[in-house]
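Residues per chain, in single letters:
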Amino acid sequence: MTEFIIRLETAVDREGLEELLLAAFPTSSELRLMRQLHEDGDVAFSLVAMEEAGVVGQALFSRLRMPAATLALAPVSVAANRRRRGIAAALIEAGLEQAKKDGWKAVVVVGDPSYYPRFGFNSEAVRGMSCQYAGPALMGLALAEDGFGGPRIEYAPAFSSLPDTD
Ligand SMILES: CC(C)(COP(=O)(O)OP(=O)(O)OC[C@H]1O[C@@H](n2cnc3c(N)ncnc32)[C@H](O)[C@@H]1OP(=O)(O)O)[C@@H](O)C(=O)NCCC(=O)NCCS
């Protein structure tokens, strides 16, 4: 099996990432989302999975508008021919470590309730908070004691261009 490494995204990765996102998702919404988040300065950090031939995966963490010190994990993608090898899991775990190291208090994700709880995400953590993505797919993970605070989860403006289920 080909080895991969996880590292922070840099400017040289952008072309490969654009191709990855276009191929991984059914529409160009996530590609536009990534571009807009960068343009708006809302990317907290983005991790890439690299193989010898180039980028094969990405997990992007953006700043929420609220609560403070909270990140959104989206998008997460892995090249179709590299899936089910733990690449997304490695990206997410490394991302959560990075978030803790950088002092972020919590992370939210909108995703498959059968996948994200293995990293500690759960819907209980965000219960009662209003959000444009409220529902069973919205999950949170506190990284600090006072992880979640406030009545509302508000994503960065770039997300308003996405359909609700992305
Ligand atoms: C969702 C996605 C990112 C997962 O990427 P991935 O690298 O395949 O994820 P992982 O390998 O960590 O885990 C996926 C599955 O493979 C399994 N798996 C992990 N390593 C494995 C291995 N070595 N052998 C067999 N299965 C393995 C995991 O248990 C998991 O299975 P399950 O969910 O059926 O229980 C990828 O499918 C993708 O890019 N999809 C399209 C974009 C998308 O929908 N993104 C999510 C919304 S933003």
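Here the residue numbers are simple positions, counted from 1 along each chain's written sequence. Given that the model is predicted, a residue must reach a pLDDT of at least 70 before its local features are reported, and side-chain atom pairs must reach 80 or more before they are shown or counted; all residues, however, enter totals for whole chains, interfaces and linings. Computation of side-chain values: all heavy atoms of the structure, hydrogens and water removed.

Visitor: Explain the pairing of strand β3 (residues 54-63) to me, using residue names and the numbers behind them.
Guide: When you tally the buried positions in β3, you get nine out of 10 residues, the bulk of the element. Strand direction decides the pairing type here: strand β2 (residues 43-51) and β3, joined by eight bridges, are antiparallel. Counterpart to Met50 in the pairing with β3 is Val55. Linking β2 back to β3 in an antiparallel pair, the connection comprises two residues. For two strands to be treated as a pair, DSSP must find at least two bridges joining them. Segments assigned H or I by DSSP are reported as helices when at least four residues long, segments assigned E as strands when at least two residues long, and all are numbered from the N terminus. Taken together, β3 and the strand that follows it, strand β4 (residues 70-78), pair antiparallel across an intervening segment of six residues, in which Ala69 is found at a positive phi of about 60°. When a residue's accessible area, from a 1.4 Å probe over protein chains only, is under 20% of the maximum for its type it is buried; when over 50% it is exposed; and in between it is partly exposed.

Visitor: How would you sum up the sheet that holds strand β7 (residues 138-142)? Please name residues and give values.
Guide: As summarised here, the arrangement of the six strands in space is β1-β2-β3-β4-β5-β7, forming an open sheet in which the pairing is mixed. Here the strands that pair on one side only, and so sit at the sheet edges, are β1 (5-8) and β7. In this sheet, neighbouring strand axes are inclined to one another by 25° on average, regardless of whether the strands run parallel or antiparallel. Relative to strand β5 (residues 106-110), β4 is paired through four bridges, and the arrangement is parallel. What sits directly across from Ala72, in β5, is Val108. Note on contacts: a residue pair qualifies if any of its non-hydrogen atoms lie within 4.5 Å across the two residues. Only the stretch in contact is used when fitting a helix axis, every axis being a line fitted to C-alpha atoms; angles between N-to-C directions are given from 0 to 180 degrees. Sheet strands in contact with helix α1 (residues 14-24) are β2, β3 and β4, and its direction is about 85° off that of β3. Where helix α3 (residues 87-101) meets the sheet, its contacts fall on β1, β2, β3, β4, β5 and β7, and the angle it forms with β2 comes to roughly 145°.

Visitor: Tell me about the packing of aromatic side chains, and name the residues and values.
Guide: Here is the rule: rings of Phe, Tyr and Trp (six-membered ring for Trp) pair when centre to centre is within 6.5 Å. Planes less than 30 degrees apart are stacked, more than 60 are edge-to-face, and the remainder are tilted. All told, the structure shown has seven aromatic pairs when counted by the stated rule. A centroid spacing of 4.8 Å and a plane angle of 20° characterise the contact between Phe45 and Phe61, whose relative ring orientation is stacked. Here Phe45, found in strand β2, pairs with Phe61, found in strand β3; they are 16 residues apart in sequence, far enough to count as distant. Its relative accessible area of 7% is what places Phe45 among the buried residues.

Visitor: So what about the side chain of Gln98? Which residues, and what values?
Guide: Relative to the elements of secondary structure, Gln98 occurs in helix α3. Overall, the relative accessible area of 17% leaves Gln98 in the buried class. Beyond its immediate chain neighbours, meaning those up to four positions away, Gln98 contacts Leu8 and Phe45.

Visitor: Just give me the short version of the pairing of β5, but keep the residues and values in it.
Guide: β5 sits mainly inside the fold: five of its five residues count as buried. The two faces of β5 match: Ala106, Val108 and Val110 on one face and Val107 and Val109 on the other face are all buried.

Visitor: Can you tell me about the environment of Asp40, naming the residues and giving the values?
Guide: Inspection of the secondary structure assignment puts Asp40 in helix α2 (residues 29-40). What makes Asp40 partly exposed here is its relative accessible area of 35%. Residues Asp40 and Val78, spaced 38 residues apart in sequence, show a C-alpha to C-alpha distance of 24 Å.

Visitor: Can you explain α2? Please cite residues and give values.
Guide: Working rule for helices: expected span equals 1.5 Å times residues minus one. An ideal rise of 1.5 Å per residue puts 16 Å on 12 residues; α2 measures up with 16 Å between its terminal C-alpha atoms. For α2, the complete set of buried residues consists of Ser29, Glu30, Leu31, Leu33, Met34 and Leu37. Each element contacted by the buried residues of α2 is listed here: α1, β2, β3 and β4.

Visitor: Lay out unusual backbone geometry with the relevant residues and their values.
Guide: Residue Met66 is joined to Pro67 through a cis peptide bond whose omega torsion reads -5°. Locating Pro67 in the fold gives a position in the loop between β3 and β4. Residues Ala74 and Pro75 are joined by a peptide bond in cis, for which omega reads -5°. Inspection of the secondary structure puts Pro75 in strand β4. In the Ramachandran plot, Ala69 falls in the positive-phi region, its phi being about 60° despite a non-glycine side chain. With respect to the secondary-structure elements, Ala69 resides in the loop between β3 and β4. For Ala69, a relative accessible area of 31% gives the class partly exposed. Of note in the backbone geometry, Arg84 takes a positive phi value of approximately 65° without being a glycine.

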